Structure formats: C-alpha cells, structure tokens
Amino acid sequence: MRKLRHWGPGLLLLSPSLILLAIFVYGLIAWTTKVSVSDEHNALGSKGFVGLENYTKLFTEDINDRFTHSLKNLAIFTVVFLVGAMFFGLLWAFILERGIKGEGFFRTVYLFPMAVSFVASGVVWRWLMNPNKGENAGGLNAVLGGLGLDSLQSTWWTNPNWGMASMAIPAMWQLAGYVMALFLAGFRGIPAELREAAAMDGASTYRLYRNVIFPQLTPVALSALIILGHMSMKMFDLIMSVSGPQWLTEVPAIYVWQTLLTSDYAKAAAISIILLLLVAVVIVPYLIYTNRAEKNA
Amino acid sequence: MIFSPVKGGGRGGRTRITRRAAVAAVGVVALLTAGACGSSDDNGGGSGSTKVEVFTWWADGGEKAGLDGLVKQFGTDCAGQTFENGAVAGGAGANAKSVLASRLQQGTPPDTFQAHAGAELSDYILAGQVEDISADYDAWGLKQAFPQGLIDNLTVEGKIYSVPANIHRANVVWTNKKVLADAGITKDPTDLAGFIADLEKVKAKGIKAPLAIGKDWTQLMLFESVLITDLGPEKFTGLWNGATDWNDPLVTKAINDFKTLLTYTNTDRDALDWTDAEKLVMDGKAGYQLMGDWEAADLDAKKFTDYAWFTFPGNGDTFQWLADSFVLPKGANNPEGTKCWLKTVGSAAGQKAFNTTKGSIPARTDAAPADYPKYQQAAMADWKSAKQVPSCAHGSACSQGWQGAANSALGAFSTKQDVPALQKALATAASQFVKK
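All of these numbers come straight from a predicted model, not from anything done at the bench.

A. Up close: the sheet that holds strand β1 (residues 51-55) of chain B. Residue and element names in this part refer to chain B. Pairing within the open sheet is mixed, and its five strands lie in the order β2-β1-β3-β11-β4. Looking along the sheet, the strands with just one partner apiece sit at the ends: β2 (82-85) and β4 (162-164). Between one strand axis and the next, the sheet turns by 30 degrees as a mean value, whatever way the strands run. Strand direction decides the pairing type here: β1 and strand β3 (residues 112-116), joined by two bridges, are parallel. Looking at the pairing, phenylalanine 55 lines up with phenylalanine 113 of β3. Here helix α14 (residues 335-346) sits on the sheet in contact with β1, β3, β4 and β11 (324-327), set at roughly 55 degrees to β1.

B. Geometry of the packing of helix α9 (residues 205-233) of chain A against helix α12 (residues 265-296) of chain A. Residue and element names in this part refer to chain A. Put simply, α9 and α12 touch, their axes get as near as 10 Å, and they point 175 degrees apart. As the angle between them shows, α9 and α12 are arranged roughly antiparallel. For the pair α9 and α12, the contacting residues are Leu222, Ile226, Gly229, His230 and Met233 in the first and Leu275, Leu278, Val279, Val282, Ile283 and Tyr286 in the second.

C. Spotlight on unusual backbone geometry. Residues and elements named next belong to chain A. Phi at asparagine 64 is positive, roughly 55 degrees, even though this residue is not glycine. For asparagine 64, a count of 22 C-beta atoms within 10 Å gives the class buried. Unusually for a residue other than glycine, tryptophan 156 sits at a positive phi of about 50 degrees. Along the chain, the position of tryptophan 156 falls in the loop between α6 (139-146) and α7 (163-188).

D. Structural view of helix α1 (residues 2-36) of chain A. The largest bend along α1 of chain A reaches roughly 45 degrees and is located at serine 15 of chain A, with the proline proline 16 of chain A sitting one to four residues downstream. The complete set of buried residues in α1 of chain A reads Trp7, Leu11, Val35 and Ser36 of chain A.

E. Region of the structure containing the interface of chain B and chain A. Counting from both sides, the interface comprises 43 residues of chain B and, opposite them, 35 residues of chain A. Listing elements by their share of the side of chain B that touches chain A, those giving two or more residues are α1 (16-36), α3 (94-106), α4 (122-126), α17 (400-416) and α18 (419-433) of chain B. With ten residues, α17 of chain B is the single largest residue contributor to the side of chain B that touches chain A. Looking at side-chain class alone, the side of chain B that touches chain A contains 21 nonpolar, 15 polar and seven charged residues.

F. Local environment of the confidence of the model for chain B. All names here are of chain B. Looking at chain B as a whole, the pLDDT averages 84, with 88% of positions reaching at least 70. By mean pLDDT, the top-scoring element of chain B is helix α11 (residues 249-262) (95), and the lowest-scoring one is α1 (48). Contacts of residues 27-46 to residues separated by more than four positions or lying in other chains number 15 contacts, the stretch itself having pLDDT below 50. Listed scores for the predicted complex are pTM 0.83 and ipTM 0.82.

Scoring rules and cut-offs
Residues numbered from 1 in each chain as written. Chains lettered and ligands numbered in written order. Predicted model: local features only at pLDDT ≥ 70, side-chain atom pairs only at ≥ 80, totals over all residues. Pairing = 2+ DSSP bridges. Helix = DSSP H or I, 4+ residues; strand = E, 2+ residues; numbered from the N terminus. Axes fitted to C-alpha atoms, helices over the stretch in contact; angles between N-to-C directions. Contact = placed C-beta atoms within 7 Å. Parallel < 35°, antiparallel > 145°, perpendicular 65-115°, else oblique. Buried ≥ 20, exposed ≤ 12 C-beta atoms within 10 Å, placed from the backbone. Bend = angle between axes of the 7 residues up to and from the residue. Nonpolar A, V, L, I, M, F, W, Y, C, P; charged D, E, K, R; others polar. pLDDT = per-residue confidence, 0-100.

So, in structure tokens, the structure goes:
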C-alpha cells in the first residue's frame, strides 16, 4: 500500500498520455503491421494472411520499379538536404558567433523561413523553379538569364536524374536557419573558461575551434541531424506543393498516399511500415545514445 | 475518469520494481481501452428520414452552379424531401474520395455520392457498397433515353449501378485559330500523318512546342487518343476489358506515334497542369492542346474566343466519354429520397438544369440543343451518332488503381522515353487490374 502511494499519483498523472500513446501510436502501428501482411487490396476487405508478400512485391514486382525509384528519390533528397542544411546552418552560426554587427537582425532573417509552412513556400518555389529556359524562362531561370548567366539555368526538379537535389533547395532554405539556431545555442553553451584556458595555452583560433569548440558541439550536430533526418524521410507536403504527386518526384510518403487513394490498403501499409523502419534506423540509435549519455551524466 | 492534481506525490518511480509494475498497469489499461473502442456506434436518422445527403466534390465554379440547378429541380420533383449538401472540397475529388472511403468502411454512407461512371465504380460494386438499380432504369425509361454505347459501358454483369448526370468528351483537340492561320493551316487534319504535318508547319513559324501538354494524366489522355486512332474503337475498348492484349504490335505502334507527338510538346510538361497548358494555347505559344471538353467552358469563362476544336485526328466518329454519376449506397438512411434524387438526375429537366450551367452535355439523347452553347450543340449531335468508348484517365475505362498505375507509367515515359518499358508497364497493370 505504501508503495502504491509512492508511485500511484505519478502514474495517475501520466496515464492519460500513456493511454493515448498506446492506442494512437503503438496500437495503430500494430494495426498497420497487421494490414501490411494481409491481402486487403481493395474495399472488399481482407481475405487472409499473405506473409511478407506485399513487402517482397514492392521490391521485385512493382511496375517500373516504382517503389525502388521512390526510395532512390528519397535518398538523393535526404543527402542533399542534410548536407546543405547542416553546412549553411553551421556557417551562419559560426559567422554570428564571431560577433558581427546586427546579430539579432541576421538571426531573425535566417530563422524566419522556418515560420512559413512547407505548403506556402512550396507554391512559391514551384514558381521559382520554373524549368523553362531561354526566352520562355521564368522564376530563377529568368533571373539567371537577366544576369547573363544562361549557362546556369537549370531544369530544376524536372531533371530525371538530379531533380530531387533541386527539390531539397526549398527544404534547405527553410531549415538551415533552425540548424543555425541549434548551433548558436551550442556555441553559447560552451563555458568561457575553456576558451580562456585555450588562449592561455597559446592555441591559435584554428586550434581553438578544431580541438576545443567543435568537439563540444557534437551532441548538437547529432540532434540537428536526427531532427532534419526524420523530417526529410517523411517529406510529403513540400513535394506535393512543388510538383504534385507524380512519378518524377515520388517519395515513399507520397506513394503511400497515392496507394491509399486507390484503396490498396495492404500495399500502403507495407510502404508505411518500411518508412517507419527507415526512420527508426535513424532515431533508435540516437535514443540509445542519449539515454546512455544521461545515465553517465 | 477524472484526474485531480495530486499534491506532494512520490519522488517518481525510480526503483526497478515500481517501474515494472507501472508498465504492467499501463499495459492492462491500454488493452482494456482498445477493446472498448472496437464497437462502432450506429447513428443516423433511421427509416423515417426525409433528408437526402448528396456527397460530391462540387464545391465551387460551374460545378457548384450545376449542382444548385439540380437541387432546384429536385425541390420541385420530390416535394417532402430535403436536400442536404455533403460536398467535400479540394484536391479534384481526392479529399472527397478519402472521406467517402472511410464513411463506407464505417457503414455510415451518405444517401448518395458522386463517382465517375464506369469502371471507377467497380471497387464499390465489388465491395457490395452500392445497390443494383437496373429495375429503376426500366421504370424511369433511361435505357431508351441513353445511347446504347453508354448503357453497355455502364452495365456490369448485367446490372447497372449508377445514373450519369452529365457527359464530357475527352478526345478533343483545341486550337488557337490565329496561330494556325499564321501557319497557313486551313482545314482540320483527319489522320495522324496530317496532324504531324500541321504541327511541322506551326513549328516552322517559330513556335517550338506547337502541341501544349501537362503532367501525367494529360499525357495519358493524349496517349489514349493515339490508341483509338491506331487500334480503332473496338480494340481500344478491349484494352480495358481484357479482350485486347497490351502486347499487341499495334500498341507498340501507338506508343511510337505518341513518342513522335511528344517531340512537338513543351519540355516543361511535367511541371504544368492542364490549365497551364491551356494558357500556352491562349497566349499563342502553342497551337494545339488535347483536353476534355470542359476546356470550352473554361475558355469561355476566361473570355478567350479565338479558339476552335476538332476530334483527335484518326478517331473518326469515336466519342470518348466520361461522366459524373450518382449511386444508391447500401445502407442509405433514406433510400426513397435517394431514388427520387436519382430519378431527377436522370430526368430530362434535371439534366438540362445541371448541364446548361456546368458546361457539359446531357447523357440523354432527347435534349433540345437550342438550350446549350455552341460547342455543346456540336458535341450533343456527335453523342447521338458516334461510337462511345470510355476513358481511363477519367475512370470510365479503368478502376482507380489502374488509373494510378497508368499515370505513373506515363510519367516515367515522359522522362525516359522508353517504348518497351511503357508497353511492359501497361501490360503488367492490365494483368493486375483487368476483371478476371
């Protein structure tokens, strides 16, 4: 009884969110898994269990290798987006950290795109990344043409091989500022004593950053990577508003949506589970890492 | 359950036993709750309802005006019944379709819903979600009022499940008269070779992309028209019901012809919707565009008058149709009211009220052409005499899954231009989706 008093109230307070999580997250994951191993390919409902057939078919029998194509698109998008956002975020944070004038102003400027929804910015970027070149050019291509830089004009996201790299540009534009804010907080969190100690030891600025400051930023960088990484893998709204659902720019999240619209529930569930596993591959090691770090602290 | 804040609770379950107990307790609670959520509620007005909830994606523009016209007629024909608007806007029907799918699954269907007539209904029919209304077709005289080709397309294993409210034609080429006159083109081409010769003439006048086109589904429409030309209407219809093999050499020829036509189109096609392509024609940056005949209403609305149209070259008198239709869902609250709605939809007065405002033509062949604008009069004359074939891009020829696969295959072709790959993709899609 005394033990119940001990942990009872805490549990009581936690229970609403625990119950909701259990039903709406874990319960639905279980439900999706169940659908993904059934043959519920239309509104008729399921006739039985088919094992992993829906999964293997995605990789072997999908028309035009649609699923592997969407995975390839996602990989290109994610790599370009992560590298770009991390690079610019770190660069801006570094410049601001060096104490330039008007820091507050620039901080706001860089962070502001994050306040815009992907849908709204996607519509603008759809226009900016108009694939027409030469006399019909619009958007960025028209700007480049006006500057006499015709050779830099691009077909942007309609390029069959590297279109997804262009698609990552709006995402970078929106989230590099967020990475900057994370890094800036990281920089500010490093005690001044460390810098002073390094200065006392006669370290150059390069050495100071290379051996003292950057190592301290590793947890921040990891958090930033994870946050951007899982957003990138689930990317849907941006691509829907830039290109709409179509073969060229299809990623798994959009494929799920398209499949659901045609009532192929089993296939949609299988893609969702694969997507979940992909995200889990990124998130779970991070959770283990932070858990361990907290225990050690 | 009511949770009140507990003051001075424990210091948190940090010991091993308490944590395990907590997890167990939560697990039990979650299981119980999940079980309790399994049963679904049964709501609705019961048998005495006089409301007819009409579920559509017609929320604005000419479509909303058409629906309003229909509702007015319904008020006169079906006194005692009240119309309830269940429109879900957005996504060209995609939003509405997903809402509808969940309502049908939960067993709370609207009294009637909008669906493309033909094969797109097959999922609902297979799932037993819509009622057979063949008997009402006889009672309302619709079998005589609609042309035989349409009745054939609507019939699934001897039964009819929907009443079309309108007819659109898909295989129409729209032209900018001035661009064509500048290129010295005086008469409409009658076959593919003639069309390509004309495209060359326009191109010679400095218009790089004489044939305007947009993303995947608009390309599917163009491809289907080429298929009709190369295969003829019978074999074309056979592609969708399994009678014609997609590996037929004629299909290969059609894909190659389509590939040739694509060389005359705008390279940014995948970035454009049909209205963007339409704008190219209006601006004189292109001479031709293949699009359904809703383009006539749209061009009129945009005050562009310098346009003309012809049936896709080589299609002869083939009328590729698509239609919005209404059904009687199984388990509707007010089947009497729904039937009255369907009767209104199929009636001469209802079709007139709807189509004169929406810019489509009536499915009935007994309508008076004088009530309609210029383009519609021509289409109505064709509708009576022409050979009717369905359209996959708009769901009258193929189910939604097939449509999605075909759009995706055409999208891939747009970038890769790989003829055998497209044929293989379409053949595989057919083997997956054609009714066995």
